[in-house]
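# Architecture and fold: a report
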Amino acid sequence: MKRFSGIIVVLLFLCVDICAQNREVMVWGIPFASSKKDLIAAIQTNAPDAIIVDVRQQGNSLLWRANGFPDEYLRFDGFNVYSAAAEFTSDDKLARAYIGLIPTNGKKVFKLYSTVKKYLTAKYGNPESDYAFFKSPYHQKGNENNTWAVIEGKCVYSAFWTVPYRKSTITISIEITNDRQVELSFVDEKAKISSSVLQKAN
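Here, residues in each chain are numbered from 1, in the same order as that chain's written sequence. With pLDDT at 70 or above as the cut-off, local features in this predicted model cover only qualifying residues; side-chain atom pairs require 80 or more to be listed or tallied, and sums for whole chains, interfaces and linings still use all residues. Neither water nor hydrogens contribute to the side-chain values; these are computed over all heavy atoms in the structure.

## Here's the deal with the overall build of the chain
If you tally the helices and strands in the chain, you get four helices and 11 strands. Throughout, exposure labels follow a simple rule: accessible area from a 1.4 Å probe, protein chains only, divided by the maximum for the residue type, with under 20% read as buried, over 50% as exposed, and the rest as partly exposed. Within the chain, the fraction of its 202 residues that count as buried is 40%. Roughly 11900 Å² of accessible area belongs to the chain as shown, and the carbon and sulfur atoms make up 52% of that amount. Going along the chain from the N terminus, every DSSP run of H or I of four or more residues is numbered as a helix, and every run of E of two or more is numbered as a strand. Using a 1.4 Å probe, accessible areas were evaluated by the Shrake-Rupley method; residue-level cover was limited to the displayed protein chains.

And the structure:
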């Protein structure tokens, strides 16, 4: 009986591990490692008039934002997007994505960060690394949520998730930047990309 119970436990652990490795990582509504063509189609479906810049010289990247920028924003899973970028391998597979999220309705960037963190935790579990502190002179008690600390680069709010994905590993991270945005990043640790120069998309 004990041996049988032990086999069940082992099978359960294997099932959890397999499920974790097969977890789908989605970016802009498409699976990670999708093609550039697929990402462009997803962007245009979400925002038909979005401005998209295709980078082909000395690299392979994509930049996009709302047509009415900076007065209008794109949307990503319910969040307002200031701008976004993606980098691809030489065969056009998505390797990295960077999405700049901004607060809305007068909310502070700290509230947005907390909301995005909860969103990612619900999808991928607790972060592997999680930092939330202010550097001097904003480290004193009572200086929490200090916007000046953000502007001056004295705010360290960041969290990281490592997600096994197909034959690679995707590092998902968020951080508060000094321009009062929350940058959401997806990076394939094994994919190879090169530097880029802007070129207008067709």
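## Observations regarding the packing of aromatic side chains
Pairing of aromatic side chains requires ring centres within 6.5 Å, counting the rings of Phe and Tyr and the six-membered ring of Trp. Pairs whose planes differ by under 30 degrees are stacked, by over 60 edge-to-face, and all others tilted. The final tally for this structure, using the stated rule, is nine aromatic pairs. Members of the aromatic cluster, connected to one another through ring pairs, are F110, Y113, F134 and Y157.

## Digging into the environment of I151
Its place among the elements puts I151 in helix α4 (residues 147-151). Distance in space between the C-alpha atoms of I151 and T177 is 8.1 Å, their sequence separation being 26 residues. Only heavy atoms matter for contacts: two residues are in contact if any of them lie within 4.5 Å across the pair. In this view, I151 contacts N178 and R180; residues no more than four positions away in its chain are not counted.

## A short note on the layout of surface pockets
As a volume, the largest pocket reaches approximately 210 Å³. Grid spacing is 1 Å over the protein atoms alone, the probe is 1.4 Å, and a cavity is where that probe fits but cannot get out, while a pocket is an open set with protein on both sides within 12 Å along at least five of seven lines and lining residues have an atom within 4 Å of a point. Around the largest pocket, the lining is made up of 14 residues, and of these A33, K93, S168, D188 and A191 lie nearest the centre. Counting only elements with at least two residues in the lining of the largest pocket, the list comes to β7 (94-102) and β10 (168-176). In this count, Pro and Cys sit with the nonpolar residues alongside Ala, Val, Leu, Ile, Met, Phe, Trp and Tyr, while Asp, Glu, Lys and Arg are called charged and the others, Gly among them, polar. Partitioned by chemical class, the residues of the lining of the largest pocket number seven nonpolar, two polar and five charged. Grid points are joined across faces, edges and corners, and a volume is the space filled by probe spheres set on the points. Put simply, the second largest pocket is a space of about 160 Å³. At the level of secondary structure, the elements contributing two or more residues to the lining of the second largest pocket comprise β6 (79-88) and α3 (109-124). With three residues, α3 is the largest single contributor of residues to the lining of the second largest pocket. When its residues are assigned to classes, the lining of the second largest pocket shows four nonpolar, four polar and three charged.

## A few points about the nonpolar core
Within soluble globular proteins, side chains that are nonpolar generally end up buried alongside one another. Core analysis: the biggest nonpolar cluster contains 49 residues, and W28, L39, W64, I172 and F186 have the highest contact counts within it. Here the element with the most residues in this core is α3; it accounts for seven residues. Among buried residues, those of type Ala, Val, Leu, Ile, Met, Phe, Trp, Tyr and Cys that are joined through side-chain atoms within 4.5 Å constitute a nonpolar core.

## Structural notes on the pairing of β10
Most of β10 sits out of view: seven of its nine residues are buried. Once strand β9 (residues 155-165) ends, the chain turns through two residues before running back antiparallel as β10, passing R166 with a positive phi of about 55°. As defined by bridge partners, β10 adjoins strand β11 (residues 182-188) across seven bridges and the pair is classed as antiparallel. Looking at the pairing, E175 lines up with E183 of β11. Two strands pair if DSSP finds at least two bridges between them.

## Points about unusual backbone geometry
A positive phi is found at R166, a non-glycine position, where the angle reads about 55°. Within the secondary structure, R166 is located in the loop between β9 and β10. The exposure class assigned to R166 is exposed, which follows from its relative accessible area of 53%. The phi torsion at R180 lies on the positive side, around 60°, for a residue other than glycine.

## Remarks on α3
Relative to the 22 Å expected for 16 residues at 1.5 Å per residue, α3 spans 22 Å between its end C-alpha atoms, a close match to the ideal helical length. Regarding α3, the residues found buried are V109, F110, L112, Y113, V116, L120 and Y124. Take α3 and look down its axis: the buried residues cluster within an arc of 155°, on one side only. Facing away from the buried side of α3 by over 90 degrees, the exposed positions are K118 and A122. Residue G125 follows α3 closely and has a positive phi angle near 85°. In this analysis, the expected span of each helix is defined as 1.5 Å times one less than the number of residues it contains. The directions from the helix axis to the C-beta atoms form the arc being described.

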